[in-house]
Amino acid sequence: QHAADGDMVALSRPTPTDDGRAADAGWHVQIGAVPTEDGAQALLENARQSMGRVLASLRPVTQEVEKDGTTLYRARFAGLSDKEEARALCAKLQSKSIKCLAVPN
């Protein structure tokens, strides 16, 4: 499959964010939550390699969260304008066996 025209902008290196809210308004696609930031960045990089230009216009981010007394790092792609765009991306990721969840930020 070919990427949509809007999906062909260069992608920056994954960067951690303190809470992700200020810089990345809109929708995110989360592909995992793991115990280490390095693990979250590895998920993002693997997805980028698997998907090619489909993820090029999005910014990979990690988000630290605490759940049930455990710290996890969410691996997300930011920069989606609405729910439909996020769900469409999720469907593309799932076609490559990458689990995902469309979430508002």
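Provided above is the structure to which this section pertains.
Keep in mind that what you see is a predicted model, and the values were worked out from it rather than measured. All residue numbers here refer to positions counted from 1 along the written sequence of the relevant chain. Only residues with pLDDT of at least 70 are given local features in this predicted model, and only at 80 or more are side-chain atom pairs given and counted; all residues enter the totals for whole chains, interfaces and linings. Only hydrogens and water are set aside; all other atoms, that is, all heavy atoms of the structure, feed into the side-chain values.

When you line up the elements, His28 lands in strand β2 (residues 27–34). Residue burial is assigned from relative accessible area. The probe radius is 1.4 Å, only protein chains are included, and a residue is buried under 20% of its type maximum, exposed over 50%, and partly exposed in between. Overall, the relative accessible area of 0% leaves His28 in the buried class. Pairs of N or O atoms are called polar contacts if they sit within 3.5 Å, as long as, within protein, a hydrogen donor faces a hydrogen acceptor (for residues adjacent in sequence, only side-chain-to-side-chain pairs). Side-chain polar atoms of His28 contact the side chain of Arg76, separated by 3.4 Å. In this structure His28 touches Val61, Arg76, Phe77, Ala78, Leu80, Ala86, Leu101, Ala102, Val103 and Asn105, once residues within four positions along its chain are discounted. Going along the chain from the N terminus, every DSSP run of H or I of four or more residues is numbered as a helix, and every run of E of two or more is numbered as a strand. By the convention used here, residues are in contact when the closest approach between their heavy atoms is within 4.5 Å.

Each reported salt bridge corresponds to a side-chain nitrogen of Lys or Arg within 4 Å of a carboxyl oxygen of Asp or Glu. Taken as a whole and assessed by the stated rule, the structure comprises one salt bridge. A salt bridge links Glu45 to Arg48, with the shortest nitrogen-to-oxygen separation between them at 3.3 Å. Note that Glu45 and Arg48 are positioned in helix α1 (residues 37–51) at a spacing of three residues, about one turn of the helix. In this structure Glu45 comes out as partly exposed when scored by relative accessible area, which is 29%. On the accessibility criterion, Arg48 (21% relative accessible area) is partly exposed.

Throughout, disulfides are identified as pairs of cysteine sulfur atoms within 2.5 Å of each other. On inspection of all chains with the given rule, the structure shows one disulfide. A sulfur-sulfur separation of 1.9 Å characterises the disulfide bridge that pairs Cys90 with Cys100. As the torsion about the S-S bond is roughly 140°, the Cys90-Cys100 disulfide counts as right-handed. Of the two residues, Cys90 is situated in helix α2 (residues 83–95) and Cys100 in the loop between α2 and β5 (101–104); the sequence distance between them amounts to 10 residues. Each member of the pair Cys90 and Cys100 is classed as buried.

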